[in-house]
Amino acid sequence: MNTTPRRTFLPAGLRTPGRWAVLPAAVLAGAVLGGGYGALKTPQYAATSYVIVVPAEKSDPAAALGFAQAYGRVATDIAVTGDAQVWAGVSADTLRGSVQAATSPDAPMISITAKAEKPAKAVSMADGVARALVLNSTHVAGSTGVKVVQFSRATKPVAPVSPSAPLSALVGGCAGGLLGGLALLVRPKRAAARGEARHSRQAAATSAATSSAAVPAPAAAAHQPEAV
């Protein structure tokens, strides 16, 4: 009875102990980079202001929902062309890049969220854009039949919304581990492919040499004396 234990055949790259050091090294490098990014990056604070679109007298209430969607799409443009820059104390590019407006599909309400490095600045930006929407809707209420009113002012945030250093380190470590694992899986396949190609070339060379040796050399013609 054969008692020889069954061997597990693994790729040559995975049987090498040194290759497995790539995985913890990648996790450590990702954690260090992620933690450093989270520690050095300036925290961002977010503040949200809410406005609501209401129909004027003798106007269709359903029109308010449609105008809310429209105002939500052009909120930052209206803020830039209006006085929101003065009220918020920032430039037009900052308003476009730091303010986002979102609408509800079933209510004529618009949320205006602003992000800034300081809580007070985020509040002033969100309220400034909301005030610009209210003022613009008042100017065109005669033609639209709706107007925007302030529903809730932004409150001062107490905690940043940007990821902390520990969270960034965790995300970086996971990303590093994923990349290290992919490297372990890809490199042995490449090494095996190179080994197979080398083996094929050697086999072809050996076959060619064997074939040339098997062909007999032409026999020398026997010397015959010339007839007199």
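This text follows the structure it describes.
As a starting point, this report considers the structure included with it. (Residues numbered from 1 in each chain as written. Predicted model: local features only at pLDDT ≥ 70, side-chain atom pairs only at ≥ 80, totals over all residues. Heavy atoms only, no water.)

## Regarding the overall build of the chain
Okay, so step 1: Broken down by element type, the chain carries nine helices and four strands.
Okay, so step 2: Each helix and strand of the chain, placed in order from N terminus to C terminus, yields the pattern α-α-β-α-α-α-α-β-β-α-α-β-α.
Okay, so step 3: A sequence separation of at least 24 residues applies to 78% of the contacts in the chain between residues at least 6 apart.
Okay, so step 4: Put simply, the chain shows about 15200 Å² of open surface, and 62% of that area lies on carbon and sulfur atoms. (Helix = DSSP H or I, 4+ residues; strand = E, 2+ residues; numbered from the N terminus. Contact = heavy atoms within 4.5 Å. Areas by Shrake-Rupley, 256 points an atom, 1.4 Å probe, with all protein chains shown as cover.)

## Structural notes on the nonpolar core
Okay, so step 1: By size, the foremost hydrophobic cluster in this structure holds 31 residues, and its most contacted members are Val53, Leu95, Ile112, Met125 and Leu133.
Okay, so step 2: Where this core is concerned, the elements lending two or more residues are β1 (45-55), α3 (62-73), α4 (75-81), α5 (84-88), α6 (92-98), β3 (109-116), α7 (119-139) and β4 (146-152).
Okay, so step 3: Considering each element in turn, this core owes the most residues, eight residues, to α7. (Core = buried A, V, L, I, M, F, W, Y, C linked by side-chain atoms within 4.5 Å. Buried < 20%, exposed > 50% of the residue type's maximum accessible area, 1.4 Å probe, protein only.)

## Looking at the pattern of salt bridges
Okay, so step 1: Within the structure shown, the criterion is met by two salt bridges.
Okay, so step 2: One salt bridge connects Asp93 with Arg96, and the closest N-O pair in it is separated by 3.9 Å. Of the two residues, Asp93 and Arg96 are both situated in helix α6; the distance of three residues between them amounts to about one turn of the helix.
Okay, so step 3: Taking relative accessible area as the criterion, Asp93 reaches 62% and is therefore assigned exposed.
Okay, so step 4: Linking Asp127 and Arg153 is a salt bridge whose minimum nitrogen-to-oxygen distance equals 3.4 Å. Here Asp127 is found in helix α7, whereas its partner Arg153 is found in the loop between β4 and α9 (165-214), with 26 residues between them in sequence. (Salt bridge = Lys/Arg side-chain N within 4 Å of Asp/Glu carboxyl O.)

## Re α3
Okay, so step 1: Three or more residues of α3 are buried, namely Ala64, Ala68, Tyr71 and Gly72. All buried residues of α3 lie within an arc of 100° about the axis, which places them on one face of the element. In α3, the exposed positions angled more than 90 degrees off the buried face are occupied by Ala62 and Arg73.
Okay, so step 2: The inward-facing, buried residues of α3 abut β1, α4, β2 (99-103), β3, α7 and β4. (Arc of directions from axis to C-beta.)

## Some thoughts on the sheet that holds β3
Okay, so step 1: Spatial strand order, β2-β3-β1-β4: four strands in an open sheet with antiparallel pairing. The open sheet has two edge strands with one neighbour each: β2 and β4. Across the sheet, the axes of successive neighbouring strands diverge by a mean angle of 25°, strand direction being ignored.
Okay, so step 2: In this sheet, β4 lies alongside β1 in antiparallel orientation, the contact comprising six bridges. Each bridged residue has a counterpart across the sheet, and for Pro55 the counterpart in β4 is Val146.
Okay, so step 3: Together, β1, β2, β3 and β4 form the strand contacts of α3, whose direction differs from that of β1 by roughly 145°.
Okay, so step 4: Taken strand by strand, α7 contacts β1, β2, β3 and β4, and its axis lies near 15° from that of β1. (Pairing = 2+ DSSP bridges. Axes fitted to C-alpha atoms, helices over the stretch in contact; angles between N-to-C directions.)

## Some remarks on the packing of aromatic side chains
Okay, so step 1: Applying the stated rule across the entire model yields zero aromatic pairs.
Okay, so step 2: Above the plane of the ring of Trp87 lies Arg131, whose end atom (NZ or CZ) is 4.1 Å from the centre. (Phe/Tyr/Trp six-rings, centres within 6.5 Å; stacked < 30°, edge-to-face > 60°. Lys NZ or Arg CZ within 6 Å of the ring centre and 35° of its normal.)

## Some points on the environment of Leu65
Okay, so step 1: Along the chain, the position of Leu65 falls in helix α3.
Okay, so step 2: What Leu65 contacts, discounting residues up to four positions off in sequence, is Ser104, Pro105, Asp106, Ala107 and Pro108.

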